[in-house]
Amino acid sequence: MRRLSVVITNYNYARFVGTAVESALGLRWDDIEVVVVDDGSTDDSPEVLRRYADRVQLHFTANGGQREAANHGFAACSGDVVIFLDADDVLPPELAERLAAVWSPTVSKVQFRMQRIDAAGVPFGRPFPEWRRVPTPGQVRRWVERTSAQPTPPGSGNAYARWFLERIFPLDPSLGRAADSGCLAAAPLHGDVLTLPDVVVGYRQHGGNDSDLLADDTRFSREVVTARARWRFAQRSVGVPEDQINERPLRRSRELLQLRIAGSRLAPGRALLPDDGRRRLLLDVLVSPAHPGPEPLRTRLLIAGWCLSVLTAPQALVRGLVIRRWRRP
């Protein structure tokens, strides 16, 4: 690894983006490039960012969403390793050194755990993902190929090889406005995904997080639609024709199964996977423990039990079951 590029996409995070920039500039490495794309912020973000004008590349664009901002940032950066840092997250100083120690030409992505921090930067909860055993690149690839699922952190918890990103960028509109989903889905199909469980990135949770599924009943079905889009994007990225993409792996994902069932009960009538109905969902629940993945058998059975409970519970009890599953630590 020679140059590490940190691409920060920001929209109206004036209260956090300075800390994100400082964490990128504080990485212990001789060749660090920091590119910040402000996606048409209407708060004080431009004023905050201009304080760093002599140390980072600043790009101010019209608001087009995180995906377009990431496309702009990737085109502007030059590192052979790239991290897309959310403007409210924080990188640890040792991250670059740890990356360099494991990097090789076959690596498409290195992933780390993340520690939830509050708006003031105070840690809470346990780091995630909670890998019981560190997955090998072969296991990650097999899980993705069979079930479309993998135990991965979100955007800021990943570092990508430039050669891999050049195969999939610019990210196309099929992925919606998010920047990380296509990268996460495609990486195991192009190269090795390495896991560093003892490197921890700060993942800020606050009132403005779009990842809070409980904020809106329609977010469950939205996540299902997004999962399908990123699977199709990943398949196209390795040359599978659009009309030959196999979507059966989506039905084997235990994480996606929970979202499908929650969405079907909380926001019935919204788009899920094709042919999703009560009978289809019930069948997928019954066979779900047999599909490969990192979860031990006990966890698989607990997931199946929760899914069955939500699928068959009286409507008055459904919300409580869903809240219990996705309540934040």
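The name an unreviewed UniProt entry assigns to the protein is Glycosyl transferase family 2, from the organism Geodermatophilus obscurus.

Student: So what's going on with the overall build of the protein? Which residues, and what values?
Tutor: In terms of regular secondary structure, the protein is built from 13 helices and seven strands. What you see for the protein is a C-alpha radius of gyration of 20 Å, in line with the 20 Å of a compact globule of 329 residues. The buried share of the protein, taken over its 329 residues, is 51%. Expressed as a percentage of contacts within the protein between residues at least 6 apart in sequence, the contacts between residues at least 24 apart total 74%. In the structure as shown, the protein presents an accessible area of about 14,800 Å², 51% of it carried by carbon and sulfur atoms. In the protein, which carries 45 positive and 38 negative side-chain charges, the distance between the mean positions of the two groups comes to 9 Å.

Student: Describe in detail the UniProt feature "domain: Glycosyltransferase 2-like" (unreviewed entry) in the protein, supporting the description with residues and values.
Tutor: As recorded in UniProt, the sites labelled "domain: Glycosyltransferase 2-like" (unreviewed entry) are residues 5-112. Along residues 5-112 one finds 34% helix and 29% strand; the C-alpha atoms at either end are 17 Å apart.

Student: An account of a nonpolar patch on the surface is needed here, citing residue identities and associated values.
Tutor: Taken together, Leu282, Leu283, Leu286, Val287 and Leu308 make up a surface patch of nonpolar side chains, about 400 Å² in accessible area. The element best represented in the nonpolar patch is helix α11 (residues 278-287), accounting for four residues. As for its placement among the helices and strands, Leu282 is situated in helix α11. We classify Leu282 as partly exposed; its relative accessible area is 34%.

Student: Provide a residue-level description of unusual backbone geometry, including the pertinent values.
Tutor: Peptide bonds are mostly trans, and most non-glycine residues show a negative phi. Here the amide bond leading from Phe128 into Pro129 is cis, since omega sits at -10 degrees, within 30 degrees of zero. Relative to the elements of secondary structure, Pro129 occurs in the loop between β5 (107-117) and α5 (137-147). Unusually for a residue other than glycine, Asn12 sits at a positive phi of about 55 degrees. The topology assignment puts Asn12 in the loop between β1 (4-10) and α1 (14-25). You will see that Asp275, though not glycine, has its phi angle at about 70 degrees, which is positive. Here Asp275 is to be found in the loop between α10 (254-266) and α11.

Calculation notes
Residues numbered from 1 in each chain as written. Predicted model: local features only at pLDDT ≥ 70, side-chain atom pairs only at ≥ 80, totals over all residues. Heavy atoms only, no water. Helix = DSSP H or I, 4+ residues; strand = E, 2+ residues; numbered from the N terminus. Rg over C-alpha atoms; globule rule 2.2 N^0.38 Å. Buried < 20%, exposed > 50% of the residue type's maximum accessible area, 1.4 Å probe, protein only. Contact = heavy atoms within 4.5 Å. Areas by Shrake-Rupley, 256 points an atom, 1.4 Å probe, with all protein chains shown as cover. Lys, Arg positive; Asp, Glu negative; His and termini not counted. Charge placed at Lys NZ, Arg CZ, Asp CG, Glu CD. UniProt positions renumbered as here; feature names shortened; annotations may be inferred. Patch = residues over 30% accessible without salt bridge, like charges linked within 9 Å, V, L, I, M, F, W, Y side chains within 5 Å. Salt bridge = Lys/Arg side-chain N within 4 Å of Asp/Glu carboxyl O.

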